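Chain by chain, the residues run as shown.
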Amino acid sequence: MGVKELVRKYAVSPFLAYIPLVIIGLILPLAITDDFFIRIIVLTFFYIMYSSSWNLLAYSGQASLGHAAFLGIGGFASTILIINGASPVVGVLTGALTASLVGLFLGIICVRLKEWFLGLVTFGFAIIMVAIVNESSVFIEALNGALGFIGLSGSIDPHIFGGSLGIFSPDLVPRDQYYYLFFFAMMATILATHLIIKSKIGFAFAAIRENQIEAAMMGVDITKYKLIAFIISTFIAGFAGALFAPYNYFINPEMFSVHNSFMPIIMTISGGIGTIGGPVIGALTINLIWEQMGLWGMSIDRLLILGVILVLEILFLPKGLMPLIKKVINRISKVMGLTSRDMPL
Amino acid sequence: MAEITTLIQIFIWGLTAGCIYVLMAVGLNMIFGVMKVVNFAHGEIMMLGAFTSFWVYNYTGINPYFIMFISMIVVGIFGVIIERYGFRKVLGTGKLNEIFLSLGLIYIIQNLSVKLWTDDIRKINSPFSSMTLDLGMLNITYDRLIAIGFTALILISLYLFLTKTDVGRALRATSQNHEAAMLMGVNVNHMYMLSFGIGSALAAAAGTIAAILTPFNPYMGTISGIMAFTVIIIGGLGSIPGAIIAGLMLGLVQNFTIFYFGGAWKDAVAFVLLIIVLIIKPTGLFGEEH
Amino acid sequence: MLKFENVNVSYGAVQILWDVNFEIDDGEIITIIGPNGAGKTTIAKTIMGLFKPTSGTIEFDGKQIHIAPTHQIVKDGIALVPEGRDLFPRMTIMENLQMGAHTSNEKKETLKWVFELFPRLEERQKQFAGTMSGGEQQMLAIARGLMSRPKLLILDEPSLGLSPIMVNKVFEIVKILKSQGVTVLLVEQNIHHALEVSNRGYVLETGRITLEGASSELLDNKHVKEAYLGM
């Protein structure tokens, strides 16, 4: 193939769009010194991971309204283990696995039911997780454990990841360690999402989402794939929660809040539900708006505005921003004569 | 084992809590039955009913039990608006969109209420709040008896409406066979608005009673909405008798749980019941197989 | 009375009716016959406004009804007895009939008339529609359709799934309606009975009208005899 054909074939490939972003992402902490700004970027990475996990579940037609439950389970499980002496890697992985197991359990209950049952069950589950954590002596003892805290917060020394993982230079400030930790975790999530959606599994997910009955008739094992979606999605959510806990300096039942369940939903829908880039765009946009409104002092108003955004989106822009972005990119590449076909993304 | 009078006391509390659930659940069944729409924001509508009654009572001092009917009308109209400009638009685009829409509505209604009225805790003190029925060692507040009475009154009126009037019959027909109802000349769009209006009005009644019996704030709706759905699933989707029995049962179970195990487990026990029903018989006590 | 002109109907990407034309005059019994899946039910539903044509017009008593909503079409005087009966299962016979009369102001008189035609329904009026047998349900469905005193009654495959005795009963009712001056559009797979009881007929094959004429002539038609009457 000649160079021209190669350029034509790959010039509008989504991967090429990611490369400049990845490069920027890698050098950003070295360039920026404003801690607050870095924190916002790290939060965005976190939300991209978390929203992608929700998106994956939604891709299979299952909408969780209580994803914060898995976030929190991952966070609490890993925190308890690490406080009581486990290594961070074990802690985080076990946290994610615990979230995944609970997710599997809920998934099994809801797999044969209509989709809104899942929404109800997950919503309720997140709410009662607060009660469970508050009341279970198990939690109280485990969290109070080695560090002797009173009450329901647990806290991990944020330095643990850099030190024991050994992959970061000791010169790297913990702030930057977390940046790269989340950056790579996010990239891994996006890559995983991409691989899953483009694979046979992803095809099964989409078939189930579009029309379960027809998918079953085509020979797709509905139960198996729905549960796979659950396991993967809740694992990633638990993983994100486990990483987030030490970064945030503490963890408490706030992790299970309705707000934490709401965020991945509005982010994914804004970006474009069911697309790979959707959660990314959505997390970026919504988090930016959210933080900016926080800076303007609108603590109640910004909740209200998020609600308005979601309602307007459902009514007028249910596919999110992705289709618009695709249109723009297609336009540009056509104008530039690079390609005559439309990019799938 | 506690004293018998304490148990009867808890039974009455359970019954009144159950009445609130019943009103919520019957309203939800009406909406779900006719439109097949999932509105998770039903709890917020209840909250609006509570606040409407509260403010009207604050400014006029009229007996809150009469204000309840005003609240039902006002909130009923609000329900119609949400249906007409919200849910009707997403009808047919998939359940997920309905769920997301109701989530957005929860955020809007709840936070708008906090913004307008602050999250202070309030209560409607009815003129009967200090009056109790004295049965020897047993004291039952009048408010609770009135709550049970009004619930019964509303349910009976609803029953008569649905069975004896043309419009009521058209509503039932629409919920049983949508297309056939259209062929009878029923304007189903009107039925949608009506079902949302009635469902919301019932929620407003539930909210008013709750506001009279317990302190409340703008966040009261979140749990109530979920409880309402839990009740209709346990009772069986679309079944009004199921909603009544399940609602009363849940109120009783919850109150006995609070007494024996403490308040924190109130919601957990409802959730456990829900899971049990979903595992054993997802169509609920009186549900129909599809 | 009814003019169905150059109507095309699609269901999603699939076109079902292709340039269909037919007419119904006052007092006639018209039948549309044809094999399974030809689009007969689609015609019935399109008249009622449940499907909207992609092109073509439907005129009823001078009004353009292809753009009207279903409930308006019913008010204008057309009633459909749907394929498969489509009753209200958790309502009693009486309530089903009352629903049929939803748009009517003459409920009492119409009820009398209907009970004369279907005495069994009067006996059992408190029974739930869902507990009735197929044949009884069909009677109820037809009765319900009559309750709105329609100018045009459409019967969609009324003999489907019924025993031979019940099938005869159904067509007897159609004959009685004919004698009482009710205009009927009969959509049927049971070609023989349908052509016997009707004035004129149209043959619908894969969404197109392929034959039309007086029913007596169609009964003698070679194609009809070979394809549908097994001769």
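Residues numbered from 1 in each chain as written. Chains lettered and ligands numbered in written order. Predicted model: local features only at pLDDT ≥ 70, side-chain atom pairs only at ≥ 80, totals over all residues. Heavy atoms only, no water.

Here's the deal with the environment of A:F250
All names here are of chain A. Test applied: By the criteria applied, helices consist of DSSP H or I runs no shorter than four residues and strands consist of E runs no shorter than two, each listed in order from the N terminus. The buried label goes to any residue with under 20% of its type's maximum accessible area, the exposed label to any with over 50%, and the partly exposed label to all in between, with areas taken from a 1.4 Å probe on protein chains only.
Relative to the helices and strands, F250 resides in the loop between α12 (222-247) and α13 (258-271). Relative accessible area serves as the criterion here: at 42%, F250 is assigned to the partly exposed category. When the C-alpha atoms of F250 and E115 are compared, they prove to be 34 Å apart, with 135 residues separating the residues in sequence.

Some thoughts on the packing of aromatic side chains
Let me state the cut-off plainly: Here a pair means two rings of Phe, Tyr or Trp (six-membered ring of Trp) with centres within 6.5 Å. Their orientation is stacked below 30 degrees between planes, edge-to-face above 60, and tilted elsewhere. We call a charge positioned over a ring when the NZ of a Lys or the CZ of an Arg lies within 6 Å of the ring centre and within 35 degrees of the ring normal.
Going through the model one piece at a time under the given rule, you end up with 32 aromatic pairs over all chains. For the ring pair B:F54 and B:W55, a centre distance of 5.0 Å and an interplane angle of 75° mean the geometry is edge-to-face. Residue class for B:F54 comes out buried when judged on its relative accessible area of 9%. On the accessibility criterion, B:W55 (22% relative accessible area) is partly exposed. Seen in terms of ring centroids, B:W55 and B:W117 are 6.4 Å apart; in terms of plane orientation they differ by 45°. Their pairing is tilted. Taken together, the residues span a long stretch of sequence, with B:W55 in helix α2 (residues 42-60) and B:W117 in helix α4 (residues 95-117) at a distance of 62 residues. Just above the ring of A:Y59 sits the side chain of A:R209; from NZ or CZ to the centre is 4.7 Å. The ring of A:W290 carries the charged tip of A:R302 above its face, separated from the ring centre by 3.8 Å.

A word on the pairing of strand β8 (residues 183-188) of chain C
Residues and elements named next belong to chain C. Stated formally: Two strands qualify as a pair provided DSSP detects at least 2 bridges between them. The crossover handedness rule: strands pointing away from the viewer, path from first strand over the helix to second strand clockwise, crossover right-handed.
Judged by how many residues are buried, β8 sits mostly within the fold: six of six residues are covered. Alternating positions in β8 separate into two faces, T183, L185 and V187 on one and V184, L186 and E188 on the other, with burial throughout. Summarising the sheet, strand β3 (residues 29-33) and β8 pair through five bridges and their orientation is parallel. In the strand pairing of β8, I32 is matched with V187. The parallel pair strand β7 (residues 152-156) and β8, bridged by helix α7 (residues 164-179), forms a crossover whose chirality is right-handed.

Digging into the sheet that holds strand β6 (residues 78-81) of chain C
Residue and element names in this part refer to chain C. Heads up, the rule is: Lines fitted to C-alpha atoms define the axes here, with helix axes fitted over just the stretch in contact, and angles between the N-to-C directions of these axes take values from 0 to 180 degrees. Residue contacts are counted whenever heavy atoms from the two residues lie within 4.5 Å of one another.
The six strands lie next to each other as β6-β7-β8-β3-β9-β10, forming an open sheet whose pairing is mixed. Two strands close off the open sheet at either side, each with one partner strand: β6 and β10 (208-214). Each strand of the sheet is rotated relative to its neighbour by a mean of 15°, with strand direction disregarded. In this sheet, β8 lies alongside β7 in parallel orientation, the contact comprising five bridges. Residue pairing in the sheet places L155 in a bridge with L186 of β8. Those strands touched by helix α6 (residues 134-146) are β6 and β7, and its axis lies near 170° from that of β6.

Structural notes on the pattern of salt bridges
Two side chains that carry opposite charge are able to pair once their charged atoms sit near each other. For clarity, the threshold we go by: Throughout this description, the term salt bridge denotes a Lys or Arg side-chain nitrogen within 4 Å of a carboxyl oxygen of Asp or Glu.
All told, the structure shown has 16 salt bridges over all chains when counted by the stated rule. The partner of B:D166 in a salt bridge is B:R169, with the nearest N and O atoms 3.3 Å apart. Highlighted residues: B:D166 and B:R169, both in helix α6 (residues 166-176), separated by three residues, approximately one helical turn. By relative accessible area, B:D166 is classed as partly exposed at 38%. Among the residues examined, B:R169 registers a relative accessible area of 5% and is labelled buried. The network of salt bridges with shared partners includes B:D166, B:R169 and C:K107.

Quick look at the interface of chain B and chain C
In plain terms, the rule: When two components associate, each loses some accessible surface as probed by a 1.4 Å sphere; the sum of these losses over both components is called the buried area. Counting of polar contacts relies on pairs of N or O atoms within 3.5 Å, with two restrictions inside protein: one atom must be capable of donating a hydrogen and the other of accepting it, and residues adjacent in sequence are counted only when both atoms are side-chain atoms. Residue classes follow a fixed rule: Ala, Val, Leu, Ile, Met, Phe, Trp, Tyr, Cys and Pro count as nonpolar, while Asp, Glu, Lys and Arg count as charged, and any other residue, Gly among them, counts as polar.
Listed as interface residues are 17 residues of chain B and, on the opposing side, 22 residues of chain C. Here chain B and chain C share an interface that buries about 2,000 Å² over both sides, 59% of which is from carbon and sulfur atoms. The largest contributions to the chain B side of the interface with chain C come from B:Q176, B:L183 and B:M184, which together make up 37% of the buried area. Here chain B and chain C share three salt bridges between them. Among the ionic pairs, B:R172 bridges to C:E95, the shortest N-O distance being 3.0 Å. Inspection of the region where chain B meets chain C yields eight residue pairs in polar contact (both at pLDDT 80 or more). Listing elements by their share of the side of chain B that touches chain C, those giving two or more residues are α6 and α7 (178-183) of chain B. The element that contributes the greatest number of residues to the side of chain B that touches chain C is α6(B), accounting for six residues. Here the residues of the side of chain B that touches chain C sort into eight nonpolar, four polar and five charged.

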